[in-house]
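The lines below spell out each chain.
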Amino acid sequence: MKSIFILIVSLTSVFNLSLSEASWWIDAGKFHMSAHMDNSCRDCHESIADLDFHPDPANVNKKLTDFFSVDKCLSCHDDVLDNLDNGLHGAIKVTDPKKYSRCTQCHNPHYQQRLEDMRKGRIDPAKPGREQCGACHEARPALPDFSPKDEACMACHRQVDSEDPYKEKIITRLCFHCHAQNGTSAQKMTGKLVPLINVKEYDATPHAGIACTVCHPKATAFQHDTQKPGDCRQCHLPHDEKVAHDAHLDVACEACHLKGIEPVRDALSKIVLWERVRKTGKASEIHQVILPKGEASCLRCHSKGNRVNAVSMILPAKGILCMPCHAATFSVGDTTTIIALIIFLAGLILTLSVWLTGSLPGQSPANSFYKFFMLLWSAVKAVFSRKLILIIKAMFLDVLLQRRLFRQSKTRWFIHSLIFLPFVFRFSWGIVALIASLWKPEWEPVWAMLDKNHPATALLFDMTGAMIILGVVLALMRGAIKQHDKTTGLPGRDYLALALIAGIVLIGFILEGMRIAMTGFPDGSTYAIAGYGISMLFSDTSGLPEVYGYIWYVHAVLTGAFFAYLPFSRLLHIILSPLVLALNAVSGHGHGSRKAKFQNK
């Protein structure tokens, strides 16, 4: 019977062989401590020398048990069969001898230690072998050499030490025995099943100097065709949102980076994985992991008729305008953002120019530029002085907690807080996530903060969105009730600004519901109460990928319109109030002065 070297890398215990860990490699140190250390490889694997080529690609996908023959064990351990017939196996009483028909179920033939050594206490199975050198003989600096015949086997089957300077070449040579495109018999047989690797092209890839087993940790295991690839993140950190246009936490790295594959969404995990596009007879491109220029890799998923139910167009990265609500970046690349910022800055300049028409206290008349730089210099001096504490206090009490508004009207304070504080929370959440993802990307909580489907993130963001909607509704109701009390000559309530805020949030909920439905209702999405409820309305998701992008742009345009309108609206106080309150705190005209305290009593 054709056979290959049966090797085991690790054991759950010395007497318990885990078939899932069975490997073609052998740990020379553990073998040296085993009961079979004096045996030659060919004492058990005598047929290897008669094979046309070894390893045989036809055998690599077989199970470990497919190579076991009890006759090999009985050729030396014939007394075991007699003892089983008498109801004994070692010191164990046997009632069903059939349960002992497969020796490797309990015994690892390469690492099984001598029972006598353990009985006499010379060997402790719980301790690493390196700590027990000299237990059976005098300590030596190195293991004894194998015989020339056995060394021929160990040249491929020896487990490579992580400190071996040639480990990458040793492992690559073993893998290329079948997978290289050099025309050998084993490679021709393998090439009928999978594309082979062009060695010259492979040497130019980024991972050519890395051992194959880093990315394919189970490559030397039995059932070779069932192995799962390793995790790219053991070496690489995820991209930030500016590069990937989103966290893409539900997308495997390979779906974007590998060539010769097609993205697919896993039905159970809902994660976008990948499958090979097998083209036998052609060289494999799968190791060429350099991203193509432009948006070519994005189009694998973001195109019409894609298999993963992704948006059918490539959307811009969430930029600076998105930061009040989302974890975004400081990018300014899309047309909507650029136009909105130009109008926003123009409005601020006009407002500032009006502000600077007056004169500075104790200063002679001067032009606007001089007054602007004088104010800026005063702010810098205040920051680097003891007045900084007063500024921080004013920002916390009067801006964040809105102390002045609370004293004027608790109703207005409550409605204002429903709108204002959720934006503060979302902005803080996003800025912490952004900084942490760039500064400490290996920190697991940061990716939970970026994961839209994480229960905490989903729940908190939906709750804050609902608070904003409630605040807008209450503001409109209060405005309608107070309409008859409106003082002549004063500006009215800014209904356009409120409508823009409500529209942005409502369409955001619709987009969230569409995303949840498109991605197959992933785990954790149920905590996004509003978004999940909306997602249940989409029983048929076939048309959502084409529609989603257009609704996203409506959301983006409304956001841009809000920022462009902000300097010209009654909500300009969002920007001006913190400046005025800071100046008042520094000059003593705020609530900290005695006069202010007296007037508020």
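Here the structure is a predicted model, which is why all the values come from computation and not from measurement.

(A) Quick look at the overall build of the chain. Of the regular secondary structure elements, the chain holds 24 helices and six strands. Counting across all 601 residues of the chain, residues that qualify as buried make up 35%. In the chain, the share of contacts with a sequence separation of at least 24, taken over all contacts with a separation of at least 6, comes to 63%. With the model as given, the accessible surface of the chain reaches about 35,700 Å², and the carbon-plus-sulfur share is 62%.

(B) Up close: the state of the cysteines. Applying the stated criterion to the full structure yields zero disulfides. Free cysteine Cys-73: the closest other cysteine sulfur is in Cys-103, separated by 3.8 Å. Given a relative accessible area of 24%, Cys-73 falls into the partly exposed group. This cysteine, Cys-232, is not joined by any disulfide, and Cys-253 carries the nearest cysteine sulfur, 4.3 Å off. Take Cys-232: its relative accessible area is 27%, and that puts it in the partly exposed class.

(C) Just the pattern of salt bridges, in detail. Summed over the entire model, instances satisfying the criterion amount to eight salt bridges. Between Arg-233 and Asp-231 there is a salt bridge whose closest N-O contact spans 3.3 Å. For Arg-307, the salt bridge identified is with Glu-275, shortest N-O distance 2.9 Å. Taken together, the residues span a long stretch of sequence, with Arg-307 in the loop between β6 (272–276) and α13 (335–355) and Glu-275 in strand β6 at a distance of 32 residues. Residue classification places Arg-307 among the partly exposed residues on the basis of a relative accessible area of 48%. Given a relative accessible area of 35%, Glu-275 falls into the partly exposed group. Where salt bridges share partners, they join Glu-262, Glu-275 and Arg-307 into one cluster.

(D) Expanded view of the environment of Thr-172. Position of Thr-172 relative to the elements: it lies in helix α7 (residues 167–179). Here the alpha-carbon distance between Thr-172 and Ala-211, two residues 39 residues apart in the chain, equals 6.4 Å.

(E) Structural detail: a negative patch on the surface. Together, Asp-78, Asp-79, Asp-82 and Asp-85 make up a negatively charged patch on the protein surface. Turning to its location among the elements, Asp-78 is positioned in helix α4 (residues 78–85).

(F) Representation of the nonpolar core within the structure. In terms of nonpolar packing, the biggest core is built from 22 residues, with Val-472, Ile-501, Phe-562 and Leu-571 touching the most fellow members. Not counting chain neighbours up to four residues away, the residues in contact with Val-472 comprise Ile-419, Leu-498, Ile-501 and Ala-502. Core analysis: the next-biggest nonpolar cluster, separate from the first, contains twelve residues, Val-311, Met-313, Ile-507 and Ala-556 among them.

(G) Inspection of the packing of aromatic side chains at higher detail. Inspection of every chain in the model, using the stated rule, returns ten aromatic pairs. Summarising the aromatic geometry, the rings of Trp-552 and Tyr-553 are spaced 5.2 Å apart at their centres and angled 85 degrees between planes, so their arrangement reads as edge-to-face. Assessed through its relative accessible area of 15%, Trp-552 is described here as buried. Through a chain of ring-to-ring contacts, three or more aromatic side chains come together here, namely Phe-344, Phe-562 and Phe-563. Between the NZ or CZ atom of Lys-30 and the centre of the ring of Tyr-111, over which it lies, the distance is 5.4 Å. Here the basic side chain of Lys-410 rests over the ring of Phe-406, its NZ or CZ set 4.7 Å away from the ring centre.

The rules behind each value
Residues numbered from 1 in each chain as written. Predicted model: local features only at pLDDT ≥ 70, side-chain atom pairs only at ≥ 80, totals over all residues. Heavy atoms only, no water. Helix = DSSP H or I, 4+ residues; strand = E, 2+ residues; numbered from the N terminus. Buried < 20%, exposed > 50% of the residue type's maximum accessible area, 1.4 Å probe, protein only. Contact = heavy atoms within 4.5 Å. Areas by Shrake-Rupley, 256 points an atom, 1.4 Å probe, with all protein chains shown as cover. Disulfide = S-S within 2.5 Å. Salt bridge = Lys/Arg side-chain N within 4 Å of Asp/Glu carboxyl O. Patch = residues over 30% accessible without salt bridge, like charges linked within 9 Å, V, L, I, M, F, W, Y side chains within 5 Å. Lys, Arg positive; Asp, Glu negative; His and termini not counted. Charge placed at Lys NZ, Arg CZ, Asp CG, Glu CD. Core = buried A, V, L, I, M, F, W, Y, C linked by side-chain atoms within 4.5 Å. Phe/Tyr/Trp six-rings, centres within 6.5 Å; stacked < 30°, edge-to-face > 60°. Lys NZ or Arg CZ within 6 Å of the ring centre and 35° of its normal.

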